[in-house]
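Commentary on secondary and tertiary structure
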Amino acid sequence: MMTLPTKDTTVLYPNGTVDTQSTVLYSEVLPDGRSAVLLDVTCVHPVDAGWPDQGPDIALLHHGAAFWPVDDCIVGATDGTTLFTGADIPVAKKTPGWAFVVVHVVDAAGLNAGDTVTVEVDEGLRDSTSAGHTACHLASLALNGALADRWKKEVRLDALGQPDFDGLAIDESLIGQNASVDTYRLGKSLRKKGFSVEGLAAAAPEIETSINAMLAEWVTTDAAVRIDCDGDLLTDRRYWVCDLPGTSVRIPCGGTHVRSLGMLGTVSVTLSLDELEGTPILTMNTFASR
Ligand SMILES: [Zn+2]
């Protein structure tokens, strides 16, 4: 008899782990015929429903001579009777009585509670995604710096003490392989907060140049990057920490990262300004050429 876990999954991906031994706690056949497998501990990065910036790892679960490719890996939550996933999760993280779990979706049944599995993450995808994620954080800090003089009022500051354009305007952030795409809405509410969009399109090439110069300076320092964790459970708070010259930057982040900025090669961005139903949209594409 399999019962749903009452404790969050222990996660090892924040420190860069790509393989581990685990015990199957639960598995359930999903309506689409695939199976949801829950482990006590995993190194597979799941996509988060609330802020799905970094996608799932590609991975295999080995048991004996058999193996199950992980088709998808998503955050789930359970009250002990039902397993909810993605947008169906009805409660916030850390809600008492609920466990937040990493759901490994595999295409065939066969794994049972108590089975020992070896979890193996595709290192190539993990590495390039980690580079994309680190580059994304750096680029948003550089963007905040390049846009700092456009704020006419005091607003909240980022980890470098600059007006936090990224935090205030971000609409969507998508991490890819050695790349990321950030979309910002420059709508009425942002302008009310004091952000000036005047002449932004004309200034974009100059802003781009200034961001790229900042990025080059940071990457040259080969500053160390690490993840600080309040604990090793899925819902424990984690922070991206990077020792930039003169200051150590700390940003809440649930993703994976490279260990130093030198591993990014050359980081550069391109900016584009569009309009969606009357609202200006700024898109920043970031690339790490490694
Ligand atoms: Zn992040």
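Anyway, here's the lowdown on the structure attached to this text. For clarity, every value in this text was computed on a predicted model and none was experimentally measured.

Attention now moves to the packing of aromatic side chains. Summed over all chains, the structure comprises 4 aromatic pairs. Both rings, one in Phe 84 and one in Trp 98, keep their centres 5.7 Å apart while their planes meet at 40 degrees; by these two values the pair is tilted. Placement of Phe 84 in strand β7 (residues 83-85) and of Trp 98 in the loop between β7 and β8 (99-106) is noted, with a sequence separation of 14 residues between them. Trp 98 gets classed as buried once you look at its relative accessible area, which sits at 18%. Taken together, a centroid distance of 5.0 Å and an interplanar angle of 45 degrees make the contact between Phe 165 and Tyr 184 tilted. Taken together, the positions of Phe 165 in helix α2 (residues 165-169) and Tyr 184 in strand β11 (residues 179-185) put the pair 19 residues apart, joining distant regions of the chain. Here the two residues Phe 165 and Tyr 184 agree in accessibility, since each one is buried. Just above the ring of Tyr 239 sits the side chain of Arg 250; from NZ or CZ to the centre is 4.0 Å.

The next point concerns the coordination of the zinc ion. The protein atoms donating to the zinc ion are His 133 (NE2), His 137 (NE2) and Cys 253 (SG), with metal-donor distances spanning 2.1 to 2.3 Å. Expressed as a motif, the donor residue spacing for the zinc ion is H-x3-H-x115-C. With His 133 and His 137 both in helix α1 (residues 123-146) and 4 residues apart, the pair spans about one turn of that helix. Judged by its relative accessible area of 0%, His 133 is buried. Classification of His 137 by relative accessible area gives buried; the value is 8%.

The sheet built from 4 strands is open, its strands ordered β10-β11-β16-β15 with antiparallel pairing. A strand with exactly one partner marks an edge of an open sheet, and here the two such strands are β10 (170-176) and β15 (266-276). Recorded for the sheet is a direction-independent mean angle of 15 degrees between the axes of neighbouring strands. Along the sheet, α1 makes contact with β10, β11, β15 and β16 (279-289), crossing β10 at roughly 145 degrees.

Rules and cut-offs
Residues numbered from 1 in each chain as written. Predicted model: local features only at pLDDT ≥ 70, side-chain atom pairs only at ≥ 80, totals over all residues. Heavy atoms only, no water. Phe/Tyr/Trp six-rings, centres within 6.5 Å; stacked < 30°, edge-to-face > 60°. Helix = DSSP H or I, 4+ residues; strand = E, 2+ residues; numbered from the N terminus. Buried < 20%, exposed > 50% of the residue type's maximum accessible area, 1.4 Å probe, protein only. Lys NZ or Arg CZ within 6 Å of the ring centre and 35° of its normal. Donors = N, O, S within 2.8 Å, 3.2 Å for Na, K, Ca; no water. Pairing = 2+ DSSP bridges. Axes fitted to C-alpha atoms, helices over the stretch in contact; angles between N-to-C directions. Contact = heavy atoms within 4.5 Å.

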